[in-house]
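Listed here are the chains, written in short residue letters.
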Amino acid sequence: MKILQLEIYGNSKLIINQLWESYKVKKEDLLPYYQYASGLLEKFDQVFLNHIPRGENRKADALAILAMTMALGENESTKVYVCHRWVIPRLLDLQINESHHTSVQVIEEEDWRQPLIEYLKHGKLPEDPQQGTDIK
């Protein structure tokens, strides 16, 4: 893409400081991700890492919560569309020899997450005004 400068906003002060190399990565299972991210950052002439407190980034929080709670069937998959490009890191670049597993459960119609998913996917709010305000 020939991008020379990159501006990154993150809500984890720990991760931002680890990427600035102010803090060391102590958890062994996070080291491959740190190495992968550091390798990507080296490809840019300038990188700006900015910490955004979680409370000031509600959209990112809502998407993170949705991602954590969204369930897919055993044979289903999904992609996350970012900046009009698919972002899929190659597993070989991560150099991970472990096997990663995901637990899957079917979301029932009466699931408490369903109105949140409907709002985030389709902008649709429940008819109950109080419930709509809570979801917003």
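Below, the structure is looked at part by part. (Residues numbered from 1 in each chain as written. Predicted model: local features only at pLDDT ≥ 70, side-chain atom pairs only at ≥ 80, totals over all residues. Heavy atoms only, no water.)

Regarding its fold elements, the protein presents 6 helices and 4 strands. In the protein, the succession of α and β elements from N to C terminus is β-α-α-β-α-β-β-α-α-α. Counting all 136 residues of the protein, 15% fall into the buried class. Across the protein, every contact between residues at least 6 apart in sequence was considered, and the portion connecting residues at least 24 apart equals 59%. Put simply, the protein shows about 12,000 Å² of open surface, and 53% of that area lies on carbon and sulfur atoms. (Helix = DSSP H or I, 4+ residues; strand = E, 2+ residues; numbered from the N terminus. Buried < 20%, exposed > 50% of the residue type's maximum accessible area, 1.4 Å probe, protein only. Contact = heavy atoms within 4.5 Å. Areas by Shrake-Rupley, 256 points an atom, 1.4 Å probe, with all protein chains shown as cover.)

In this section: the side chain of Ser 12. On the secondary structure map, Ser 12 appears in the loop between strand E1 (5-10) and helix H1 (13-19). Beyond its immediate stretch of four places on either side in the chain, Ser 12 contacts His 51 and Arg 54.

Along the chain, Asn 17 falls in helix H1. Aside from chain neighbours lying at most four places away, what touches Asn 17 is Ser 22 and Tyr 23.

Let's shift gears to the environment of Lys 24. For Lys 24, the location among the structural elements is in the loop between H1 and helix H2 (31-41). Look at Lys 24 and you get exposed, because its relative accessible area is 71%.

This part takes up the environment of Asn 57. Following the sequence through the fold, Asn 57 ends up in the loop between strand E2 (46-51) and helix H3 (58-69). Between the C-alpha atom of Asn 57 and that of Asn 11, which follows or precedes it by 46 residues, the distance is 7.8 Å.

The next subject is unusual backbone geometry. Here the phi dihedral of Glu 21 falls at roughly 65°; this positive angle occurs in a residue that is not glycine. Here Glu 21 is to be found in the loop between H1 and H2.

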